[in-house]
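Geometric and topological summary
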Protein chains: 2
Amino acid sequence: MSDRPALPGQMPNAFVPGQGNLSPEDQALVARRQAAMGPAYRLFYETPVHLVRGEGVWLYDAEGQAYLDTYNNVASVGHCHPRVVEAMARQAAVFASHTRYLHEGILAYSERLLGHFPPALSHVMFTCTGSEANDLALRIAEAHTGGTGIIVTENAYHGVTRAVAAMSPSLGAGVALGENVRVVPAPDPLRLEGDLGQAFAGHVQAAIGDMAAKGIKLAALIADTIFSSDGVIADPKGFLAPAVAAIRKAGGLFIADEVQPGFGRTGEAMWGFQRHWLVPDMVTLGKPMGNGYPVAAVVMRPDVVAEFGARARYFNTFGGNAVAAATANAVLDVIEDEGLMENSRVVGAHLRQGLEDLAKRHECLGPIRSAGLFVGAEIVEGGDPLAADAGFAAKVVNRLREARVLISATGPRANVLKIRPPLVFSAENADLFLDRLDTALAR
Amino acid sequence: MSDRPALPGQMPNAFVPGQGNLSPEDQALVARRQAAMGPAYRLFYETPVHLVRGEGVWLYDAEGQAYLDTYNNVASVGHCHPRVVEAMARQAAVFASHTRYLHEGILAYSERLLGHFPPALSHVMFTCTGSEANDLALRIAEAHTGGTGIIVTENAYHGVTRAVAAMSPSLGAGVALGENVRVVPAPDPLRLEGDLGQAFAGHVQAAIGDMAAKGIKLAALIADTIFSSDGVIADPKGFLAPAVAAIRKAGGLFIADEVQPGFGRTGEAMWGFQRHWLVPDMVTLGKPMGNGYPVAAVVMRPDVVAEFGARARYFNTFGGNAVAAATANAVLDVIEDEGLMENSRVVGAHLRQGLEDLAKRHECLGPIRSAGLFVGAEIVEGGDPLAADAGFAAKVVNRLREARVLISATGPRANVLKIRPPLVFSAENADLFLDRLDTALAR
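This one's a predicted model, so the numbers in the text were calculated from it and none came from an experiment.

**Focus on the overall build of chain A**
- Each helix and strand in chain A was counted, giving twelve helices and 15 strands.
- Its C-alpha radius of gyration of 21 Å places chain A within 12% of the 22 Å reference for a compact globule of 443 residues.
- In chain A, which comprises 443 residues, the share counted as buried stands at 62%.
- Contacts spanning at least 24 positions in sequence make up 74% of the contacts within chain A whose residues lie at least 6 apart.

**Examining the domain arrangement of chain A**
All names here are of chain A.
- For chain A, the assigned domains are domain 1 (49–77 + 339–440) and domain 2 (82–337).
- Computed from C-alpha coordinates alone, the two centres of domain 1 and domain 2 are separated by 25 Å.
- Opposite the 27 residues of domain 1 that make contact, domain 2 presents 30 residues.
- Breaking the side of domain 1 that touches domain 2 down by element, the ones donating at least two residues are α10 (340–361), β11 (365–371), β12 (374–379) and β15 (416–419).
- Examining the composition of the side of domain 1 that touches domain 2, we find that five residues originate from one element, α10, more than from any other.
- Split into classes, the residues belonging to the side of domain 1 that touches domain 2 amount to 15 nonpolar, nine polar and three charged.

**Here we look at the relation of the copies chain B and chain A**
- Structural alignment of chain B on chain A gives an RMSD of 0.0 Å, achieved by rotating through 180° and translating 0.0 Å along the axis. Both chain copies can therefore be described as sitting about a two-fold axis. No C-alpha of chain B lies nearer the rotation axis than that of Ala89 of chain B, which sits 2.7 Å from it.
- Both copies share a contact surface, since 98% of the interface residues of chain B are interface residues in chain A too.

**A word on the interface of chain B and chain A**
- If you look at the interface, chain B gives 82 residues, while chain A gives 80 residues.
- Among the elements of the structure, α1 (24–37), β1 (51–55), α2 (82–92), α3 (104–114), β4 (123–127), α4 (130–145), α5 (162–165) and α8 (302–311) of chain B are those that each provide at least two residues to the side of chain B that touches chain A.
- With seven residues, the single largest contributor to the side of chain B that touches chain A is α8 of chain B.
- Each residue belonging to the side of chain B that touches chain A can be placed in one class, and the counts come to 48 nonpolar, 19 polar and 15 charged.

**Remarks on the packing of α10 of chain A against helix α12 (residues 427–440) of chain A**
Residues and elements named next belong to chain A.
- Following both chains from N to C, one finds α10 and α12 inclined at 20°, their axes separated by 9 Å at the closest point. Classified by the angle their axes make, α10 and α12 are roughly parallel. Judged by the sense of rotation from one axis to the other, the crossing of α10 with α12 is right-handed. When α10 is examined against α12, the residues Val347, His350, Leu351, Gly354 and Leu358 are found in contact with a partner set consisting of Ala427, Ala430, Leu434, Leu437 and Asp438.
- For the contact of α10 with α12, the residue count by class is seven nonpolar, two polar and one charged.

**Brief notes about the nonpolar core**
- Ranked by size, the top nonpolar core spans 318 residues in total, and within it Val204 and Met282 of chain A together with Val204 and Met282 of chain B carry the most contacts.
- In this structure, Met282 of chain A is in contact with Ala137, Ile140, Ala141, Leu253, Ile255, Val298, Val299, Met300 and Val304 of chain A, ignoring residues within four places of it in sequence.

**Remarks on unusual backbone geometry**
All names here are of chain A.
- Here the residue pair Asp235 and Pro236 is connected by a cis peptide bond, since its omega of -5° sits within 30 degrees of zero.
- With respect to the helices and strands, the residue Pro236 is situated in the loop between β7 (218–224) and α7 (241–249).
- In this structure, Cys80 takes a positive phi of about 55° despite not being glycine.
- We classify Cys80 as buried; it has 22 C-beta atoms within 10 Å.
- Positive phi values are uncommon outside glycine, yet Phe263 reaches one of about 65°.
- With respect to the secondary-structure elements, Phe263 resides in the loop between β8 (253–257) and β9 (282–285).
- Residue Phe263 is classed as buried on the basis of its C-beta count, with 29 C-beta atoms lying within 10 Å.

**Considerations on the packing of helix α4 (residues 130–145) of chain A against helix α8 (residues 302–311) of chain A**
Residue and element names in this part refer to chain A.
- Interhelical geometry of α4 versus α8 gives an angle of 95° and a closest axis separation of 7 Å. As the angle between them shows, α4 and α8 are arranged roughly perpendicular. Packed against α4, whose contacting residues are Arg139, Ile140, Ala143 and His144, the element α8 presents Val304, Val305, Glu307, Phe308 and Arg311 at the interface.
- Of the residues contributing to the contact of α4 with α8, the split by class is five nonpolar, one polar and three charged.

**Some remarks on α1 of chain B**
All names here are of chain B.
- Compared with the 20 Å implied by 1.5 Å per residue over 14 residues, the 19 Å span of α1 between its first and last C-alpha is a close match.
- Along α1, the residues that are buried comprise Arg33, Ala36 and Met37. Here the buried residues of α1 occupy an arc of 85° about the axis, which is enough to place them on one side. Away from its buried face, by an angle of more than 90 degrees, α1 presents the exposed residues Pro24 and Ala31.
- Where α1 terminates, the next one or two residues include Gly38, which has phi positive at roughly 80°.

**Digging into the environment of Val204 of chain B**
All names here are of chain B.
- Assignment of secondary structure puts Val204 in helix α6 (residues 196–213).
- Considering only alpha carbons, one finds Val204 and Pro185, 19 residues apart in sequence, at a separation of 8.8 Å.
- Setting aside anything within four residues of it in sequence, one finds Val204 in contact with Ile151, Val184, Leu221, Ala243, Ala246 and Ile247.

**Quick notes on the environment of Arg32 of chain B**
- Following the sequence through the fold, Arg32 of chain B ends up in helix α1.
- Spatially, the C-alpha atoms of Arg32 of chain B and Gly411 of chain B are 31 Å apart, while their sequence positions differ by 379 residues.

**Examining the sheet that holds strand β6 (residues 181–184) of chain B**
All names here are of chain B.
- Taken in spatial order, the seven strands of this open sheet run β4-β10-β9-β8-β7-β5-β6, and their pairing is mixed. Either end of the sheet is taken by a strand with one partner, and the two such strands are β4 and β6. Across the sheet, the mean angle from the axis of one strand to that of its neighbour is 20°, orientation sign disregarded.
- Bridge analysis of strand β7 (residues 218–224) against strand β8 (residues 253–257) gives five bridges, and the strand direction is parallel. Its bridge partner being in β8, Ala223 is matched across the sheet by Ala256.
- Relative to the sheet, α6 contacts β5 (149–153), β6 and β7, its axis offset from that of β6 by approximately 155°.

Rules behind the numbers
- Residues numbered from 1 in each chain as written.
- Chains lettered and ligands numbered in written order.
- Predicted model: local features only at pLDDT ≥ 70, side-chain atom pairs only at ≥ 80, totals over all residues.
- Helix = DSSP H or I, 4+ residues; strand = E, 2+ residues; numbered from the N terminus.
- Rg over C-alpha atoms; globule rule 2.2 N^0.38 Å.
- Buried ≥ 20, exposed ≤ 12 C-beta atoms within 10 Å, placed from the backbone.
- Contact = placed C-beta atoms within 7 Å.
- Domains from an automatic or database assignment.
- Nonpolar A, V, L, I, M, F, W, Y, C, P; charged D, E, K, R; others polar.
- Least-squares fit on C-alpha atoms with pLDDT ≥ 70 in both.
- Axes fitted to C-alpha atoms, helices over the stretch in contact; angles between N-to-C directions.
- Parallel < 35°, antiparallel > 145°, perpendicular 65-115°, else oblique.
- Left-handed = near helix turned anticlockwise from the far one by under 90°.
- Core = buried A, V, L, I, M, F, W, Y, C linked by C-beta atoms within 7 Å.
- Expected span 1.5 Å × (residues − 1).
- Arc of directions from axis to C-beta.
- Pairing = 2+ DSSP bridges.

As structure tokens, then:
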């Protein structure tokens, strides 16, 4: 189905120990990392970056050199945004405790957050990470449907708990998928034939049939609504709807994983699912929610969580604590007051146009897909959109790193440049990026 | 095996909506909570507490009334400790990013933390919650042993991810245990006969045998080394060693869950396992590690994580970020500079003596078990140590809450007062607690 990296556990853009041009100081840090943190951690880039400071869209290394961050979606309102830091520090100095006491902060935030969702999605539960949010959504879906069957896309990533890693094929062949998990091709407009929505729904329907044949009761289809690890798939709008209809007809739920596209990144709406004109049964949130503070959530219809709530209590010690609520609330303040969703739309369009212009001059720059400041740009061979070129994509990523622009690659073929800067990215930042990319794309 | 609460999902000391003496303001908060956060959340106490501020061992409600906190082990160095808040805020304002870039902070913290462990345990990996830490330990144990079989105690709690909830019988009958999970009686000195260590090891051995008979390959025994949810079981020191020997002989690992006893709480050592004169194969850390900031970890021998590291990369977006490292580092500073482990030992002994004295005058106060500031005190009927009295324990807990002392109950019979204050608890705080408890214990 996909030419996944041959080495299990391999990831695009990972540092290979012993390679790269590290300074003696950074070599020493790498050695200390391996000694203390062991073999499962990966650094980015052929030559890893040693960072000490962040501000807005800029990250600074130990020598004071500035890097333009076009990759980190966690610091979505900008690295170390003073308003968010202040809200966090102020609350942490006053009260930081958990959800088994009454506290106004988490209620005010819950109500405000739910105000950004369709009315049917009226309950929210809090975790600390997107992994925990997807794991909890899985537990809720199982309780609601009585099934365990899960459908994911071919290079999906939903997190690192045991249950969620087992439905994240992008982690590679070294992490076994669950017997309850079915993998379908991503809705790749380059590779699926015919109407994209119908073609994708056909694969979902086939997976439903396969599960039924094996006696596995269906629980849910879960999809990142921007399909980030599948190579960023945004259009045509609405293509998800037929698959969601198929899953519901078969008694399953649709879980929209908004950990990456959520909180205004797509430029047109707060959530990626809104581009598909549908209302999910559950929505999971994470990364940008606290601009780096560990806070995440699941939003759902009351009937979906009724059975889970009747059977199981849920308590996440740090999830939804008073500091998490205050911090996440400040993030919403900044998104609104600085007009970041609109900025994502406007600067995203500018960036997209610049990339389209570059593609006319560089045959290695293939199809570009985007929504707001979430962009995937294929790197291909000989101008053939189907000739994925992971090797050259890695070269471009590392050339940009040398030019002090941080980016990475993604997709089942590891050839899609993933451009996903903080939402405070300006047109000038985009122009600088395009200029550096222009140079990096030279064969 | 145990008279677990009959209602699935029931927990000791949970608020029952519609009961209690709430003010109209707090009733409104409860209604908003149910509307926004749904049916799976639980509040503490017959009449929940509405908190707005914390400082040291004190929590304050909306009317400014002070509550003595004898329960919350997360704010282990005291609620809102200014040194910890300052370290967190300072780092958050400068750099907050993740472990795929080189950063000195996480290395310095890793090395310092590992310095508190036996030399064999020389790798550490970071998560955001104790649940994630136990979930990761499970994945690592499975990769190392090739098995899936897990042994836990009868009322164990290890967290809320899908995999970890399935090995947490304390969540009640509504949360199914995994087919790979075997439950053994807790090492309860009141109920196991003969030498406690041998008796407990006998049950572990029987579970190993049962798994072998069913074709389930063993992965690990996991135990909270203070057996908090089993009712707090501290002595005799060393009683865990025979069970750990049995598990290793059968090819399994021993995972010490230090989420509750860790970071000096037992008064004699940083970790609960040290009271058992053994070195675990893996250790999981959580709650007090960041004094409320969501940070947790797994510590292990390099050979234990070698197979996992070869197969699977691990990345937890917020786990071990620069702010987590700075905050956790400040917690270690405070523990050391304020002598909190020693305080836990000294005040814990004072509190224990006071409880023993009370037990002479109140026949409902049964056997007391403790290590440092982790205390379990049985509430029993008619002076019979085996006649657990959950109803009266709940009454004592709620009387104390009315007397503005926060505490809770635990254990498979929900009759054990769990006394687990911040480690800055003073002898005067203990005396105040004992005075209020004296009154609350009146039949």
